[in-house]
Amino acid sequence: MLKVEKPRILFVEDEPLALELLESALKLRGYTMHSFSCPLKAIEWFESHSNEVDILVTDQSMPNFTGAQLIEKARNIKDKLPAIIVTGLGKVTGPFLKSGPTSVLEKPFKRQQLVDAIDNLVQEK
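Residues numbered from 1 in each chain as written. Predicted model: local features only at pLDDT ≥ 70, side-chain atom pairs only at ≥ 80, totals over all residues. Heavy atoms only, no water.

### Observations regarding the overall build of the chain
Broken down by element type, the chain carries four helices and five strands. Starting at the N terminus, the α and β elements of the chain follow one another as β-α-β-α-β-α-β-β-α. C-alpha atoms of the chain, sized along the principal axes, occupy 30 × 30 × 25 Å. Long-range contacts, defined as pairs at least 24 residues apart, comprise 62% of the intrachain contacts of the chain with a sequence gap of at least 6. Accessible area for the chain stands at about 6700 Å²; split by element, carbon and sulfur atoms hold 50% of it. When the 16 positive and 17 negative side-chain charges of the chain are each reduced to one mean point, those points stand 4 Å apart. (Helix = DSSP H or I, 4+ residues; strand = E, 2+ residues; numbered from the N terminus. Contact = heavy atoms within 4.5 Å. Areas by Shrake-Rupley, 256 points an atom, 1.4 Å probe, with all protein chains shown as cover. Lys, Arg positive; Asp, Glu negative; His and termini not counted. Charge placed at Lys NZ, Arg CZ, Asp CG, Glu CD.)

### Quick look at the packing of helix α2 (residues 39-49) against helix α3 (residues 67-77)
Between α2 and α3, the shortest axis-to-axis distance is 10 Å and the interhelical angle comes to 10°. Relative to α3, the element α2 is oriented roughly parallel. In contact with Pro39, Ile43, Phe46 and Glu47 of α2, α3 contributes Leu70, Lys73, Ala74 and Ile77. Residue composition of the contact of α2 with α3, grouped by class: six nonpolar, no polar and two charged. (Axes fitted to C-alpha atoms, helices over the stretch in contact; angles between N-to-C directions. Parallel < 35°, antiparallel > 145°, perpendicular 65-115°, else oblique. Nonpolar A, V, L, I, M, F, W, Y, C, P; charged D, E, K, R; others polar.)

### Some details on the side chain of Thr102
Turning to its location among the elements, Thr102 is positioned in strand β5 (residues 102-106). Reaching out from Thr102, the side chain makes a polar contact with the side chain of Arg75 at a distance of 2.8 Å. Within the structure, the side chain of Thr102 is placed 2.9 Å from the backbone oxygen of Gly100, a separation counted as a polar contact. The contact partners of Thr102, leaving out residues within four places of it in the chain, are Arg75, Ala83, Phe96, Leu97 and Leu121. (Polar contact = N/O pair within 3.5 Å; in protein donor to acceptor, adjacent residues only side chain to side chain.)

### A short note on α3
Each α-helix turn comprises 3.6 residues. Residues three or four places apart therefore point the same way. When α3 is considered as a whole, its buried residues turn out to be Gly67, Ala68, Leu70, Ile71, Ala74 and Arg75. In a view along the axis of α3, the buried residues occupy a sector of 155°, so they form one face of it. Of the surrounding secondary structure, the elements contacted by the buried residues of α3 are β1 (8-12), α2, β3 (55-59), β4 (83-87) and β5. (Buried < 20%, exposed > 50% of the residue type's maximum accessible area, 1.4 Å probe, protein only. Arc of directions from axis to C-beta.)

### Let's talk about the nonpolar core
Counting residues in hydrophobic clusters, the biggest one holds 20 residues, and the most contacted among them are Leu10, Val12, Phe46, Leu56 and Leu70. Elements with a minimum of two residues in this core: β1, α2, α3 and β4. The residues contacting Leu10, other than those within four sequence positions of it, are His34, Phe36, Ala42, Trp45, Phe46, Val53, Ile55, Leu56 and Val57. (Core = buried A, V, L, I, M, F, W, Y, C linked by side-chain atoms within 4.5 Å.)

### With respect to the pattern of salt bridges
Scanning the model with the defined rule gives three salt bridges in all. Among the salt bridges present, the one from Glu23 reaches Lys27, with a minimum N-O distance of 3.7 Å. Taken together, the residues span about one helical turn, with Glu23 and Lys27 both in helix α1 (residues 16-28) at a distance of four residues. With relative accessibility at 46%, the residue Lys27 sits in the partly exposed group. (Salt bridge = Lys/Arg side-chain N within 4 Å of Asp/Glu carboxyl O.)

### Concerning the environment of Glu13
Locating Glu13 in the fold gives a position in the loop between β1 and α1. Separated by 25 residues in the primary sequence, Glu13 and Cys38 have C-alpha atoms spaced 7.3 Å apart. Excluding anything up to four places from it in sequence, Glu13 contacts Ala18, Leu19, Phe36, Ser37, Asp59 and Lys107. A polar atom in the side chain of Glu13 sits 3.0 Å from the backbone nitrogen of Glu15.

Now the structure itself:
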């Protein structure tokens, strides 16, 4: 089991206010953040920086492709990348749930729930 003290997070959220608030809260807790509002730009960056990411946190409902699709694309680059998918749309299903450590976090949630999910997944890695 590899334990990362301060996980490096690829954070993808298309809503600017949510992106800013959660990024700030997680930075204050010592996480290194690589944040994007566009999943296409996030995956483009990740292709050449996957060694700088310990976990992916993504919204499910975004333009261009879903959070589930983003997780699948990221895991094609970095196998078994831990991921958290955030949804306000109910149950999320797909093969990505079995292709690596994954948590589903339903909106609304408290910041501490996100922190706990991140820490749990990184410890499982």
